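# Examination of the molecular architecture
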Amino acid sequence: MDLEEALSELKVIVETVQKQEEWRGRSTLNLIASENKMSPLARALLPSDFNHRYAEGEPYDREYQGGGLIDLIEDLCIKLASRVFNANFVDVRPISGALANLAVFFALTKPGDVLLSLSIPAGGHISCGEVGAAGCRGLKVYSIPFNHEDMNIDLEALASVVEKAKPNLITLGASLILFPHPVKEIRKIAEPYGTLIHYDAAHVLGLVAGGVFQDPLKEGADVVSSSTHKTFPGPQGGMLLANDETLFRKVKKAVFPGLVSNHHLARLPSLAVTLLEMLLYGKEYATQIVRNAKTLAKALHDYGINVLGAHRGFTESHQVVFEASKLGGGGEAARRLEEADIIVNRNLLPWDAVGKVHNPSGVRIGTQEVTRMGMKEREMETIAELMWRLLIKREEPERIKEEVHKLLADFNTVRYCIDGQDFVKGVLKAFFER
Ligand SMILES: Cc1ncc(COP(=O)(O)O)c(C=O)c1O
């Protein structure tokens, strides 16, 4: 590539980024379960001078001078997160969820130790498998048995795996998660073996913040890791939570000086704003996310689409998952939906072979972003109808796309967030009125 080619490619990229709102944010119905939108205030704070700065270490104990404001903001993030998640200890320095998981593995295990985690088809994230971060730590990974019918962990089978494998750590939480995992019960099974419990809340952190999903720390997890940008609608980043000081000291050491040096400071002001928003509006937001997911799931089911978890009310989270073999597979269904500007992802289902990744059986949908944009039950029913007309009635994608754009036209403001003007009022309310 010569310089001229590079410049012309860069021009295209710049133009695309400038039109970004139109690209995904406005002109498509985004149902990717791992994405979300920050509030205008959180977003406005991202391009700050913090992008150019360094702050190794902890607030008020840095390797570099000149970081006073960074100390204040990071400390505020820690205090707010501690309040939102009822956690004694918080670390906001991991720059992603996968890195937060790696920090847990480095802190709480040694090479050769045994980890039990969910397989990828059963919903486990790649970072918790031997091909990912867990493997980087040299862990031997065994799968947590999964009940396909109930779409949850098979406790009886797990008890016998724990007895045989005597794991050092069990990782709960998942990328495909319809129902809360039985943390309390698993803690009981694991306790006699001294096994620690780690809960990866990357997907459900916003629901935990809103108090509508399980509270993993309260139910017995020793440590919680997460991303900060899925159901929790903050800037892209990671977070760690725990209640035990000795354990958390190890986790913090794994983060710094272990895995992170400068921790991408520009996201911190946006994180503080999002935490405050979740203190103020988290319950209302998370409640509507789950209501929307349940409504969408039921409507798709009523249209004859094979939605998982039917006998358990379809879902307790932001996710709706359907089996798409009769629609040409998950990959084919997702591609057809994209032709009408409905964006979802194909997904392995618990009974799929890992190698089926390009056309797995499932489609995963998340309601957190459309809820953030103000959609409610009525719109979920419309979305289900559009999907049915596209996938089952085989109407032309162009025709459905027009209706998608009509639907989107009424939903272009981010909700459940602080008005910039009311920021100070919001801070005061969050701290003194709750
Ligand atoms: C359960 C789970 N853990 C961890 C991650 C990784 O998070 P990140 O993309 O922030 O590294 C994901 C990503 O989707 C996930 O689903």
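Here's what I pulled together on the structure shown here. Keep in mind that this is a model prediction, so the values were computed, not measured.

Scoring rules and cut-offs
- Residues numbered from 1 in each chain as written.
- Predicted model: local features only at pLDDT ≥ 70, side-chain atom pairs only at ≥ 80, totals over all residues.
- Heavy atoms only, no water.
- Helix = DSSP H or I, 4+ residues; strand = E, 2+ residues; numbered from the N terminus.
- Rg over C-alpha atoms; globule rule 2.2 N^0.38 Å.
- Buried < 20%, exposed > 50% of the residue type's maximum accessible area, 1.4 Å probe, protein only.
- Contact = heavy atoms within 4.5 Å.
- Areas by Shrake-Rupley, 256 points an atom, 1.4 Å probe, with all protein chains shown as cover.
- Lys, Arg positive; Asp, Glu negative; His and termini not counted.
- Charge placed at Lys NZ, Arg CZ, Asp CG, Glu CD.
- Expected span 1.5 Å × (residues − 1).
- Polar contact = N/O pair within 3.5 Å; in protein donor to acceptor, adjacent residues only side chain to side chain.
- Bend = angle between axes of the 7 residues up to and from the residue.
- Axes fitted to C-alpha atoms, helices over the stretch in contact; angles between N-to-C directions.
- Parallel < 35°, antiparallel > 145°, perpendicular 65-115°, else oblique.
- Left-handed = near helix turned anticlockwise from the far one by under 90°.
- Nonpolar A, V, L, I, M, F, W, Y, C, P; charged D, E, K, R; others polar.
- Near = heavy atom within 4 Å.
- Pairing = 2+ DSSP bridges.
- Right-handed = clockwise from strand over helix to strand, strands pointing away.
- Patch = residues over 30% accessible without salt bridge, like charges linked within 9 Å, V, L, I, M, F, W, Y side chains within 5 Å.
- Salt bridge = Lys/Arg side-chain N within 4 Å of Asp/Glu carboxyl O.
- Core = buried A, V, L, I, M, F, W, Y, C linked by side-chain atoms within 4.5 Å.

Next up on the list: the overall build of the chain. Looking only at helices and strands, the chain has 17 helices and 17 strands in total. Its C-alpha atoms give the chain a radius of gyration of 22 Å, near enough to 22 Å, the size a compact globule of 434 residues would have. Burial statistics for the chain: of 434 residues in total, 55% are counted as buried. The long-range share in the chain, meaning contacts at least 24 apart out of those at least 6 apart in sequence, stands at 76%. About 19,300 Å² of surface is accessible on the chain, with carbon and sulfur atoms providing 52% of the total. Each charge class in the chain can be summarised by its mean position, and for the 50 positive and 56 negative side chains these summaries are 3 Å apart.

Our focus in this paragraph is helix H1 (residues 3-18). Here H1 is 16 residues long and its end C-alpha atoms lie 22 Å apart, about the 22 Å a rise of 1.5 Å per residue gives. At the N-terminal boundary of H1, the capping side chain belongs to aspartate 2, with an oxygen 3.2 Å from the backbone nitrogen of glutamate 4.

Before going further, it helps to spend a moment on helix H12 (residues 267-302). Compared with the 52 Å implied by 1.5 Å per residue over 36 residues, the 42 Å span of H12 between its first and last C-alpha is markedly short. Of all the bends in H12, the greatest, near 75°, is centred on tyrosine 281. Counting buried residues in H12 gives 27 out of 36 residues, a clear majority hidden from the surface. Once H12 ends, the next one or two residues include glycine 304, with phi positive near 90°.

Here the focus is the packing of helix H4 (residues 68-84) against H12. The contact between H4 and H12 brings their axes to 9 Å, and the two run at 25°. On the basis of the axis angle, H4 is roughly parallel to H12. Judged by the twist between their axes, the crossing of H4 over H12 is left-handed. Of the residues in H12, those touching H4 at Ile73, Glu74, Leu76, Cys77, Leu80, Ala81, Arg83 and Val84 are Leu268, Pro269, Leu271, Ala272, Leu275, Leu276 and Leu279. For the contact of H4 with H12, the class distribution of residues is 13 nonpolar, no polar and 2 charged.

This part covers the site of the ligand. Close contacts around the ligand come from 13 residues, with Gly97, Ser175, Asp200, Ser227 and Lys230 the closest. Taking serine 96, its side chain carries an N or O atom lying 3.3 Å from an oxygen atom of the ligand. In this structure, an oxygen atom belonging to the ligand sits 3.4 Å away from a side-chain N or O atom of histidine 229. For the shell around the ligand, the element with the most residues is helix H5 (residues 97-108), which contributes 3 residues. Partitioned by chemical class, the residues of the shell around the ligand number 3 nonpolar, 8 polar and 2 charged.

Before going further, it helps to spend a moment on the pairing of strand E10 (residues 196-200). Across the 5 residues of E10, 4 count as buried, placing the element largely inside the fold. Both strand E9 (residues 169-172) and E10 contribute to a ladder of 4 bridges, which runs parallel. Looking at E10, one finds that isoleucine 170 is bridged to isoleucine 197. Remark: the E9/helix H8 (residues 183-190)/E10 crossover connection has right-handed handedness. Pairing of E10 with strand E11 (residues 223-227), which is carried by 3 bridges, proceeds in the parallel orientation. By the bridge assignment for E11, aspartate 200 is matched with serine 225.

Together, Leu3, Leu7, Leu10, Ile13, Val14 and Val17 make up an exposed nonpolar region whose accessible area comes to about 570 Å². In this structure, isoleucine 13 sits in helix H1.

The next point concerns the side chain of serine 361. With respect to the helices and strands, serine 361 occurs in the loop between strand E16 (345-347) and strand E17 (362-366). In this structure serine 361 comes out as buried when scored by relative accessible area, which is 3%. For serine 361, the side chain forms a polar contact with the side chain of aspartate 352, separated by 2.5 Å.

The next subject is the nonpolar core. Core analysis: the largest hydrophobic core is formed by 69 residues, its most contacted members being Phe85, Ile170, Leu172, Tyr199, Met239 and Leu275. Per-element accounting of this core gives the leading share, 13 residues, to H12. Once you skip the residues sitting within four places of it in the chain, phenylalanine 85 turns out to touch Leu205, Val208, Ala209, Leu217, Phe232, Met239, Leu241 and Leu275. Met373, Ile383, Leu407 and Val414 belong to the second-largest nonpolar core, a separate cluster that totals 39 residues.

Before going further, it helps to examine the pairing of E17. Counting buried positions along E17 gives 5 out of 5 residues, so the element sits mostly inside the fold. Burial along E17 is two-sided: Gly362, Arg364 and Gly366 facing one way and Val363 and Ile365 facing the other are all buried. Looking at chain direction, strand E14 (residues 319-323) and E17 are connected through 5 bridges and run antiparallel. Across the sheet, glutamate 323 pairs through a bridge with glycine 362, a residue of E17. Pairing between E16 and E17: 3 bridges, direction antiparallel. Opposite asparagine 347, over in E17, you have glycine 362 as the bridge partner.

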